[in-house]
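A closer look at the structure
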Amino acid sequence: MTTLLERPTIRDTVSDEEWALRVDLAAAYRLVALYGWDDLIFTHLSARVPGPDHHFLINPYTHMFEEITASSLVKIDIEGNKVTDTPAPVNRAGFVIHSAIHAGREDAAAVLHLHTPHGQAVSAMACGLLPHTQTAMIAQHDVAYHDFEGIATELDERERLVADLGTKNMMILRNHGTLTVGATVAQAFLRMYFLERACEAQVLMLGVGREGLNNPNQGVAEKVEQQTQPEGMGMLAQSLAWPALLRKLDRIDPGFRD
């Protein structure tokens, strides 16, 4: 009798830490699709794999975001080259922005980049993000800006991206979209949630014109900044919001864990 050996799965060949990261990143892709923030197969969410190799996980450039699973994510190096044997293609040009931030910010273990209509709309406004809603005030003090230089395929733009981001954790890419970073996928996702909600509210409220807006009282934006320091927001993301979001996905379709 011949015993057929099963081919090892991705889960069998990676560490527990990497698998947990794969599950979180796949969940982020599914949540982006769930909230309607995706752009067909375009834009990327990436995360750095624990360990000394400076490898990263990113989406296969064939999948809609609602199709992403922990196993389907592709492991690449800092230049966007595949380091695992998989037929799935990777958009190396799309990794220019992500590689810049990952390389330039040691704390940026996760990088999320979107092209939502509301994010693009605010990115095209000369005023930038206005502090007229609570959500905008939570985000605004942590938002940087980077001018549009064309589709991000030129490697020399990476230095300017990192310089413009500085120590901030959110970025509005002018005439382009939004970007957030975090020490974890959970942190980067919650920041993106606040940034995108703020952009959506701004697009809606500007329907009455700038002159029709109620300006917050002096000092209120600064108070909100003190109330939403990174340490507290990180705990909120990791311990409260992210587990709830995972439970939401599990109720809808737990397939992202495969």
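Everything below is about the structure printed above this text.
All of the points below concern the structure found in this document. (Residues numbered from 1 in each chain as written. Predicted model: local features only at pLDDT ≥ 70, side-chain atom pairs only at ≥ 80, totals over all residues. Heavy atoms only, no water.)

As a further point, take the pattern of salt bridges. The tally for this structure, following the rule as stated, stands at 10 salt bridges. For the salt bridge of Glu-18 with Arg-22, the shortest nitrogen-to-oxygen distance reads 3.0 Å. You can see Glu-18 and its partner Arg-22 sitting in helix α2 (residues 16-34), 4 residues apart, about one turn around the helix. Both residues of the pair, Glu-18 and Arg-22, belong to the buried class. Note that Glu-79 and Arg-158 form a salt bridge whose closest N and O atoms lie 3.8 Å from each other. On the criterion of sequence distance, the pair formed by Glu-79 in the loop between β3 (74-76) and α3 (95-104) and Arg-158 in helix α6 (residues 157-165) is long-range, its members being 79 residues apart. The exposure class assigned to Arg-158 is buried, which follows from its relative accessible area of 19%. Among the charged side chains, a network of salt bridges with common partners joins Glu-18, Arg-22 and Lys-75. (Salt bridge = Lys/Arg side-chain N within 4 Å of Asp/Glu carboxyl O. Helix = DSSP H or I, 4+ residues; strand = E, 2+ residues; numbered from the N terminus. Buried < 20%, exposed > 50% of the residue type's maximum accessible area, 1.4 Å probe, protein only.)

Moving on, we come to the packing of helix α7 (residues 185-205) against helix α9 (residues 230-252). Packing of α7 against α9 leaves a shortest axis separation of 8 Å and a crossing angle of 95°. The pairing of α7 with α9 is recorded here as roughly perpendicular in orientation. Only Pro-230, Met-233, Gly-234, Leu-236, Ala-237, Gln-238, Ala-241, Trp-242 and Leu-245 of α9 make contact with α7, whose side of the interface consists of Val-185, Ala-186, Gln-187, Phe-189, Leu-190, Arg-191 and Phe-194. Per-class residue counts for the contact of α7 with α9 are 12 nonpolar, 3 polar and 1 charged. (Axes fitted to C-alpha atoms, helices over the stretch in contact; angles between N-to-C directions. Parallel < 35°, antiparallel > 145°, perpendicular 65-115°, else oblique. Contact = heavy atoms within 4.5 Å. Nonpolar A, V, L, I, M, F, W, Y, C, P; charged D, E, K, R; others polar.)

Another point: the pairing of strand β5 (residues 143-146). Taken together, the 4 bridges between β5 and strand β6 (residues 170-173) define a ladder with parallel strand orientation. Each bridged residue has a counterpart across the sheet, and for Ala-144 the counterpart in β6 is Met-171. Taken together, β5, α6 and β6 constitute a β-α-β crossover, and its handedness is right-handed. (Pairing = 2+ DSSP bridges. Right-handed = clockwise from strand over helix to strand, strands pointing away.)

Any link to function would need more than the numbers given here.
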